[in-house]
Amino acid sequence: MGISRAEVVDYLANMTVLDLSTLIKELEEKFGVSAAVPMAMAAAGPMAAEAAPAVEEQTEFDVVLTVCGPNKIQVIKEVRAVTSLGLKEAKEAVENVPTTLKEAVSKAEAEEVKKKMEVQGATVEIK
């Protein structure tokens, strides 16, 4: 009578991932087929959303000054306050936009810096 499907499934369930990978390759070669699901089929299937890897939420942000605006002196003062740069370095940062003011900061800190800069008339991006 042979082996039942349940026995085959139980056998496969107890195999290591490496053993399963090897078995799949051997079956593909023997039968001249591919176990890969075509992308169109995968996207159309109900399991596609579950099978897709979860997108990691960004936790670190960069604050980039893109436009100084009309209040250059005020923006320089604010750049010094949020970055601890000296006057010369802050002036260069403001004059040579785009300039990264903060790197790898939290979203809250990035938003706070952006708000402070925008109050002075500057344009800031959070990346």
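Numbers given for residues are sequential positions, taken from 1 along each chain in its written order. Predicted model: local features are reported for residues with pLDDT of at least 70 only, side-chain atom pairs are reported and counted for 80 or more only, and whole-chain, interface and lining totals are derived from all residues. As a convention, hydrogens and water are excluded, and side-chain values are obtained from all of the structure's heavy atoms.

Participant: Describe the environment of Ala-110, listing the residues and the values that go with them.
Facilitator: Only DSSP runs of H or I with at least four residues qualify as helices, and only runs of E with at least two residues qualify as strands; both kinds are numbered from the N terminus onward. Along the chain, the position of Ala-110 falls in helix 7 (residues 107–119). With 48 residues separating them along the chain, Ala-110 and Asp-62 place their C-alpha atoms 7.1 Å apart. The contact partners of Ala-110, leaving out residues within four places of it in the chain, are Phe-61, Val-63, Val-105 and Ile-126. Two residues form a contact once any of their heavy atoms are found within 4.5 Å.

Participant: Tell me what's going on with helix 5 (residues 72–83), and back it up with residues and numbers.
Facilitator: In a helix, the anticipated span is given by 1.5 Å times the number of residues less one. With twelve residues, helix 5 extends 16 Å from end C-alpha to end C-alpha; this agrees with the ideal 16 Å at 1.5 Å per step. Taken together, the buried positions of helix 5 are Val-75, Ile-76, Glu-78, Val-79, Val-82 and Thr-83. The buried residues of helix 5 occupy an angular sector of 165° when the element is viewed end-on, so they sit on one face. Facing away from the buried side of helix 5, by more than 90 degrees, are the exposed residues Ile-73, Lys-77 and Ala-81. Only protein chains enter the accessibility calculation, which uses a 1.4 Å probe. A residue is then buried if its area is under 20% of the maximum for its type, exposed if over 50%, and partly exposed in between. Arc definition: it is the arc formed by the directions from the helix axis to the C-beta atoms.

Participant: Which residues make up the nonpolar core, and what values do they have?
Facilitator: Within this scheme, the nonpolar core is defined by two criteria: the residues are buried Ala, Val, Leu, Ile, Met, Phe, Trp, Tyr or Cys, and they are joined through side-chain atoms within 4.5 Å. Judged by nonpolar contacts, the single largest core of 17 residues is most densely connected at Val-63, Leu-65, Val-75, Val-79, Val-94 and Met-117. For this core, the elements supplying multiple residues, two or more each, are strand 1 (61–67), helix 5, helix 6 (87–95), strand 2 (99–105) and helix 7. In terms of residue count, helix 5 provides more of this core than any other element does, four residues in total. When neighbours within four sequence positions are excluded, Leu-65 is seen to be in contact with Val-75, Ala-93, Val-94, Val-97, Pro-98, Thr-99, Leu-101, Ala-122, Thr-123 and Val-124.

Participant: Give a description of unusual backbone geometry that names residues and reports values.
Facilitator: The residue after Val-97, namely Pro-98, is reached through a cis peptide bond having omega 0°. Secondary-structure assignment places Pro-98 in the loop between helix 6 and strand 2. Unusually for a residue other than glycine, Ser-84 sits at a positive phi of about 65°. Summarising the element assignment, Ser-84 is placed in the loop between helix 5 and helix 6. The phi dihedral of Ala-104 is positive, around 55°, even though this residue is not glycine. Checked against the element boundaries, Ala-104 lands in strand 2.

Participant: Describe the sheet that holds strand 3 (residues 123–126), and please don't skip the residues or the numbers.
Facilitator: A pair of strands is considered paired only if DSSP assigns at least 2 bridges between the two. Pairing within the open sheet is antiparallel, and its three strands lie in the order 2-1-3. Taken across any chain shown, the strands that pair with only one partner, and hence form the sheet edges, are strand 2 and strand 3. For this sheet, the mean angle separating the axes of adjacent strands, direction not counted, is 20°. Direction of pairing for strand 1 relative to strand 3: antiparallel, over a ladder of four bridges. Along strand 3, the bridge assignment pairs Val-67 with Thr-123. Interaxial angles span 0 to 180 degrees and are taken between N-to-C directions of axes, which are lines fitted to C-alpha atoms, for helices over the stretch in contact.

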